[in-house]
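Observations on the three-dimensional arrangement
Listed below, chain by chain, are the residues.
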Amino acid sequence: MAVFGGANFGSVSFSSHLLNQQSCFLSCPLRLLPSSSSSNRTSLLCVVKSFSGSVTADTDTSSDAANSLLRDTSNDAGPARMSTDWKLAKAYCKSGDTFEGEVEGFNGGGLLIRFHSLVAFLPYPQLTPSRSCKEPQKSIHEIAKTLVGSMLPVKVVQADEENKKLILSEKLALWPKYSKTVNVGDVFTGRVGSVEDYGAFIHLRFDDGLYHLTGLVHVSEVSWDYVQDVRDVLRDGDEVRVIVTNIDKEKSRITLSIKQLEDDPLLETLDKVILKDSSSGSPSLSSYNGDTIEPLPGLETILEELLQEDGIEAVKINRQGFEKRVVSQDLQLWLSNTPPSEGKFVLLARAGRQVQEIHLTTSLDQQGIKKALQRVLERVP
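Residues numbered from 1 in each chain as written. Predicted model: local features only at pLDDT ≥ 70, side-chain atom pairs only at ≥ 80, totals over all residues. Heavy atoms only, no water.

Quick word on the overall build of the chain
Note the threshold: Where helices and strands are cited, they refer to DSSP runs of H or I of at least four residues and of E of at least two residues respectively, numbered from the N terminus. For the exposure calls, accessible area comes from a 1.4 Å probe over protein chains only, and a residue counts as buried if that area is under 20% of its type's maximum, exposed if over 50%, partly exposed in between. We call two residues in contact whenever any of their non-hydrogen atoms come within 4.5 Å of each other. Each accessible area is a Shrake-Rupley estimate made with a 1.4 Å probe; only the visible protein chains count as cover when residues are assessed.
Helix and strand counts for the chain come out as 10 helices and 17 strands. Taken across its 381 residues, the chain has 46% of its residues classed as buried. A fraction of 66% describes how many contacts in the chain between residues 6 or more apart in sequence connect residues 24 or more apart. In the structure as shown, the chain presents an accessible area of about 19200 Å², 47% of it carried by carbon and sulfur atoms.

Put into structure tokens, the structure is as follows:
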């Protein structure tokens, strides 16, 4: 199997991760409750119980049940106050201001938090990661139980009066406080929070030992090797080192990389790839006429296909060497960043301990060669 380092991948939006966690909040539409009191709290717990099932189930039945339970008490707030509180919620959503809300209960998908006469919903993924990372042995529902009665800093992220949805986020409320201490190039120890097809979300550990922010490592930034499935490399709870590559303060997003903490194979030459012999101080390189070097298994087919690409005029194995250890039995390819000489670029191939240097005579630039290699690797089984 051939593996080509340095392939280009597209970017990914964080928006799907922000609120769409299996649409967990949709199973708990906003309900109106009277002001907190010992008698009214019983009604609230009844509502929580009615929503404690699957967070992805159909909501019509549970909505009707909640309405039935609250029919006699929901009018206590009064239409005027309800309207005023919805206007206030929309103002908070527009301004981005934070407030502290009391946790009055929880269900399968998140926390129920008091907002004046309204009860808002905070999906579990919108809790600060420090809560789950601090006690990873606890389930999210055990953590939620300990939060009942406490005050949380939150931000309104959705205020939909027509559909009775008032959605909050603790993550976004704390973003300004901690993001201002983060800069591009900073290195963090992190914990894998979740793994998706497009990458992994990493919780960042700060100097106080707590995990306050979450960033995304796109699949293309996990390793210099080709990664088909991120789950083959990372699992929930894994501890990793990451470097910050981008901060979007407007969208509250942090982009991370794992592979950029390692040497970029595109910058390597054959002299750097092959370890030097400790006694002689020189690498074990051999230079031959290219016709006398037998290509690595699978390489000959790739070179023949490269010659079919427009702009590639000649391909020649120039020299080879042997490393002191086996890095991979698979055939791996790198395009060296060595400056081209007389239109010749350097391609490195490795399998087992053996490394070969191939000279490409071409009119293409480096990006053009990368694309040609990608096309070839897609054709070669």
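A few points about the nonpolar core
To keep it simple, the criterion reads: Working definition of a nonpolar core: buried Ala, Val, Leu, Ile, Met, Phe, Trp, Tyr and Cys residues. They are joined through side-chain atoms within 4.5 Å.
Membership of the largest hydrophobic core comes to 25 residues, with the highest contact counts inside it found for Ile202, Leu204, Leu234, Val242 and Leu256. Sorting the residues of this core by element identifies helix H7 (170-179), strand E8 (187-196), strand E9 (199-205), strand E10 (211-218), strand E11 (239-248) and strand E12 (253-257) as the ones contributing at least two each. If one sorts the elements of this core by residue count, E11 sits on top with four residues. Val242 has contacts with Asp186, Val187, Phe188, Ile202, Leu204, Val217, Leu256, Ser257, Ile258 and Leu261, leaving out every residue within four places of it along the chain.

What to know about helix H10 (residues 366-379)
Put simply, the rule reads: Take the residue count of a helix, subtract one, and multiply by 1.5 Å to get its expected span.
Its 14 residues place the ends of H10 20 Å apart at the C-alpha level, agreeing with the 20 Å of an ideal helix rising 1.5 Å per residue. Residues Gly368, Ile369, Lys370, Ala372, Leu373, Val376 and Leu377 constitute the buried set of H10.

Considerations on the sheet that holds E9
For clarity, the threshold we go by: Any two strands between which DSSP finds at least two bridges are classified as paired. Fitted lines through C-alpha atoms give the axes, limited to the stretch in contact for helices. The angle between two N-to-C directions lies from 0 to 180 degrees.
Spatial ordering of the closed barrel is given by E8-E9-E10-E12-E11, a layout of five strands whose pairing is mixed. Here the average twist between neighbouring strands, direction ignored, is 55°. Pairing between E11 and E12: five bridges, direction antiparallel. When the bridges of E12 are listed, Ile243 appears paired with Ser257. Helix-sheet contacts for H7 involve E10, E11 and E12, and the interaxial angle to E10 is about 90°.

Let's talk about H7
With eight of its 10 residues buried, H7 lies for the most part within the structure. Along H7, the residues that are buried comprise Glu170, Lys171, Leu172, Ala173, Leu174, Trp175, Tyr178 and Ser179.

Topic: the pairing of E11
Strand direction decides the pairing type here: E8 and E11, joined by five bridges, are antiparallel. Bridge pairing in E11 places Thr189 opposite Arg241. Counted along the chain from E11 to the antiparallel partner E12, the turn is four residues long, and its residue Ser252 has a positive phi close to 55°.

Thoughts on the environment of Phe345
Positionally, Phe345 belongs in strand E16 (residues 344-352). Judged by its relative accessible area of 9%, Phe345 is buried. In sequence terms Phe345 and Val315 are 30 residues apart; their C-alpha atoms lie 9.8 Å from each other. Among residues more than four places away in sequence, those in contact with Phe345 are Leu335, Pro340, Ile358, His359, Leu360, Thr362, Leu364, Asp365, Gln366 and Ile369.

Describing the confidence of the model for the chain
Convention followed: Residue-level confidence of the predictor is summarised by pLDDT, bounded by 0 at the bottom and 100 at the top.
In this model, the chain carries an average pLDDT of 75, and 71% of its residues clear a pLDDT of 70 or more. The spread of mean pLDDT over the elements of the chain runs between helix H2 (residues 38-50), the lowest at 32, and E12, the highest at 95. In the model, residues 1-75 has pLDDT below 50 throughout and makes 138 contacts with residues more than four positions away in sequence or in other chains.

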